[in-house]
Amino acid sequence: QVQLVESGGGLVQPGGSLRLSCAVSTSILSILDMAWYRQAPGKQRELVARSTRGLITNYADSVKGRFTISRDNAKNTMYLQMNTLTPEDTAVYYCNVRTTSGGVTYDNWGQGTQVTVSS
């Protein structure tokens, strides 16, 4: 099984920055896609950023230019750098990796980490 462990969430003031980390139990080179999602109170979970194996990235319009998804293959870790945070960014953030086994594709999820943006 692929295990995901998230860290880096916390409380930050508007305009501040945070970097979320997600440690992956398998080589990142074996992952098809990786992504970050978030879910705010009373809202549906939404895609924040996605990175394909070919390193093509996609961002939600609301975070484009402020957030950056990246990876460190040596550390088997994916990151979400979040800058210029606003209260609207407050949510639980989840890392997601897509893997394949036996011709079947699976979505793997972390437990989530809370990000709160408040003055």
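Preceding this section is the structure that the text describes.
These figures come from a predicted structure and were not determined experimentally.

Calculation criteria
Residues numbered from 1 in each chain as written. Predicted model: local features only at pLDDT ≥ 70, side-chain atom pairs only at ≥ 80, totals over all residues. Heavy atoms only, no water. Helix = DSSP H or I, 4+ residues; strand = E, 2+ residues; numbered from the N terminus. Rg over C-alpha atoms; globule rule 2.2 N^0.38 Å. Contact = heavy atoms within 4.5 Å. Areas by Shrake-Rupley, 256 points an atom, 1.4 Å probe, with all protein chains shown as cover. Lys, Arg positive; Asp, Glu negative; His and termini not counted. Charge placed at Lys NZ, Arg CZ, Asp CG, Glu CD. Buried < 20%, exposed > 50% of the residue type's maximum accessible area, 1.4 Å probe, protein only. Polar contact = N/O pair within 3.5 Å; in protein donor to acceptor, adjacent residues only side chain to side chain. Pairing = 2+ DSSP bridges. Axes fitted to C-alpha atoms, helices over the stretch in contact; angles between N-to-C directions. Disulfide = S-S within 2.5 Å.

*Asks:* Is there a simple way to explain the overall build of the protein chain in this structure?
*Replies:* A tally of helices and strands in the protein chain yields zero helices and eleven strands. Ordered by position from N to C terminus, the α and β elements of the protein chain give β-β-β-β-β-β-β-β-β-β-β. The C-alpha atoms of the protein chain give a radius of gyration of 14 Å, which matches the 14 Å a tight globule of 119 residues would have. When contacts within the protein chain are restricted to residue pairs at least 6 apart in sequence, those whose partners lie at least 24 apart make up 53%. Of the roughly 6400 Å² that the protein chain leaves accessible, carbon and sulfur atoms contribute 48%. Looking at charge distribution, the protein chain has the averaged site of its 11 positive side-chain charges lying 3 Å from that of its 8 negative ones.

*Asks:* Sorry if this is basic, but what is going on with the side chain of T99 here?
*Replies:* Its place among the elements puts T99 in strand β9 (residues 91–101). Relative accessible area serves as the criterion here: at 10%, T99 is assigned to the buried category. A distance of 3.1 Å separates polar atoms of two side chains, one belonging to T99 and the other to N108. Apart from residues no more than four positions distant in its own chain, T99 is found in contact with V2, I31, L32, V104, T105, Y106 and N108.

*Asks:* I keep staring at the sheet that holds strand β8 (residues 77–82) and nothing clicks. Help me out?
*Replies:* Sheet strands pair by backbone hydrogen bonding; their relative direction is either parallel or antiparallel. Taken in spatial order, the four strands make up an open sheet running β1-β3-β8-β7, and their pairing is antiparallel. Whereas interior strands pair on both sides, the edge strands pair on one side only; in this sheet they are β1 (4–7) and β7 (67–72). Adjacent strand axes in the sheet meet at a mean angle of 15 degrees when their direction is disregarded. Judged from the six bridges that link them, β7 and β8 form a sheet pairing that is antiparallel. By the bridge assignment, D72 is partnered in β8 with T77.

*Asks:* Looking at this model, I keep getting lost on the pairing of strand β4 (residues 33–39). Mind explaining?
*Replies:* Moving residue by residue along a regular strand, the side chains alternate between the two faces of the sheet. Across the seven residues of β4, six count as buried, placing the element largely inside the fold. Note: β4 against strand β5 (residues 46–52), six bridges, orientation antiparallel. Residue pairing across strands places D33 opposite T52, the latter belonging to β5. Taken together, the seven bridges between β4 and β9 define a ladder with antiparallel strand orientation. By the bridge assignment, Q39 is partnered in β9 with V92.

*Asks:* Please explain the state of the cysteines as it appears in this structure.
*Replies:* Defined simply, a disulfide is a covalent bond joining two cysteines at their sulfur atoms. Enumeration according to the criterion identifies one disulfide in this entry. The disulfide partner of C22 is C95, and the gap between their sulfur atoms is 2.2 Å. On the sign convention where negative is left-handed, the bridge of C22 and C95, at about 55 degrees about the S-S bond, is right-handed. One end of the pair, C22, is in strand β3 (residues 18–24); the other, C95, is in strand β9, with 73 residues separating them in the sequence. C95 shares its class with C22; the two are buried.

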